[in-house]
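# Summary of structural features
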Amino acid sequence: MSIFNSLFGNSEETQKIESSINWIPLTNLGQLNEIMMLSEVKPVLIFKHSTRCSVSRMALKQFENEFDLADTVDAYFLDLLEYRNISNEIANRFQVQHQSPQLILIKEGKAFYNASHSAIDAVELKGKI
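What this report covers is the structure whose coordinates are included nearby. (Residues numbered from 1 in each chain as written. Predicted model: local features only at pLDDT ≥ 70, side-chain atom pairs only at ≥ 80, totals over all residues. Heavy atoms only, no water.)

### Examining the overall build of the protein chain
The number of helices and strands found in the protein chain is six helices and five strands. Secondary structure of the protein chain in N-to-C order comes out as α-α-β-α-β-α-β-α-β-β-α. Counting only residues that meet the buried cut, the protein chain has 43% of its 129 residues in that class. For the protein chain, contacts bridging at least 24 residues in sequence account for 64% of all contacts bridging at least 6. (Helix = DSSP H or I, 4+ residues; strand = E, 2+ residues; numbered from the N terminus. Buried < 20%, exposed > 50% of the residue type's maximum accessible area, 1.4 Å probe, protein only. Contact = heavy atoms within 4.5 Å.)

Right, here's the structure in full:
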């Protein structure tokens, strides 16, 4: 079962959302080193999502509907309820205050941009890349 089927169910609409972004599940701390290295050559985004929060779910769906940067960035998805330790390390390593939902753009190993809640906007993100 994919991460999005477990979050949103298994409808045709969900199938479309699944294919809009090729999310890379962020499930271990070692991936943060990978993200830092990758960000030296290509921007990386991290979407921190609370699976129990309707605001987070709405922000995620809106972002996915607007997102058209698949060739421009690598996109990581963090279920912060499942992996709170990774969320804490992201806040520490990239010097961003923990929020949920939260979108963080990593460039050259550093947090270049971050937004939370209704400020998460794929169009604005595109202008930062």
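### What about the nonpolar core?
Grouped together as the largest cluster of nonpolar side chains are 19 residues, with contacts concentrated most on Trp 23, Leu 45, Phe 47, Phe 63 and Leu 125. Listing elements by their share of this core, those giving two or more residues are β2 (44-49), α4 (54-66), β3 (74-79), β4 (102-107), β5 (110-116) and α6 (122-128). The biggest single contributor to this core is α4, with three residues. (Core = buried A, V, L, I, M, F, W, Y, C linked by side-chain atoms within 4.5 Å.)

### Section: α4
End to end, α4 covers 18 Å across 13 residues, agreeing with the expected 18 Å (1.5 Å per residue, within 8%). Within the span of α4, buried status applies to Ser 56, Ala 59, Leu 60, Phe 63 and Glu 64. All buried residues of α4 fall inside an arc of 130° around its axis, so they share one side. Among the exposed residues of α4, those oriented more than 90 degrees off its buried face are Met 58 and Asn 65. (Expected span 1.5 Å × (residues − 1). Arc of directions from axis to C-beta.)

### Looking at the packing of aromatic side chains
The full count for this structure, using the stated rule, is five aromatic pairs. Between Trp 23 and Phe 63, the ring centres sit 6.4 Å apart and the planes meet at 35°, which makes this aromatic pair tilted. Here Trp 23 is found in the loop between α2 (12-20) and β1 (24-25), whereas its partner Phe 63 is found in helix α4, with 40 residues between them in sequence. Here Trp 23 and Phe 63 have matching classes, each one buried. Put simply, the rings of Trp 23, Phe 47, Phe 63, Phe 67 and Phe 77 touch in pairs and so form one group of aromatic residues. Across from the ring centre of Phe 112, 4.1 Å away, lies the NZ or CZ of Lys 107, which sits over that ring. (Phe/Tyr/Trp six-rings, centres within 6.5 Å; stacked < 30°, edge-to-face > 60°. Lys NZ or Arg CZ within 6 Å of the ring centre and 35° of its normal.)

### Re the packing of helix α3 (residues 30-38) against helix α5 (residues 84-94)
At a minimum axis distance of 10 Å, the contact between α3 and α5 shows a crossing angle of 40°. What the angle tells us is that α3 and α5 run oblique. The two elements α3 and α5 meet at a crossing, and its hand is right-handed. On the side of α3, the interface is formed by Leu 32, Asn 33 and Met 36, while α5 contributes Ile 86, Glu 89, Ile 90, Arg 93 and Phe 94. Looking at the contact of α3 with α5, its residues break down into five nonpolar, one polar and two charged. (Axes fitted to C-alpha atoms, helices over the stretch in contact; angles between N-to-C directions. Parallel < 35°, antiparallel > 145°, perpendicular 65-115°, else oblique. Left-handed = near helix turned anticlockwise from the far one by under 90°. Nonpolar A, V, L, I, M, F, W, Y, C, P; charged D, E, K, R; others polar.)

### Re the pairing of β5
Bridging between β4 and β5 involves six bridges; their strand directions are antiparallel. When the bridges of β5 are listed, Gln 102 appears paired with Ser 116. Between β4 and β5, which follow one another and run antiparallel, lie two residues, and Glu 108 among them has a positive phi close to 50°. (Pairing = 2+ DSSP bridges.)

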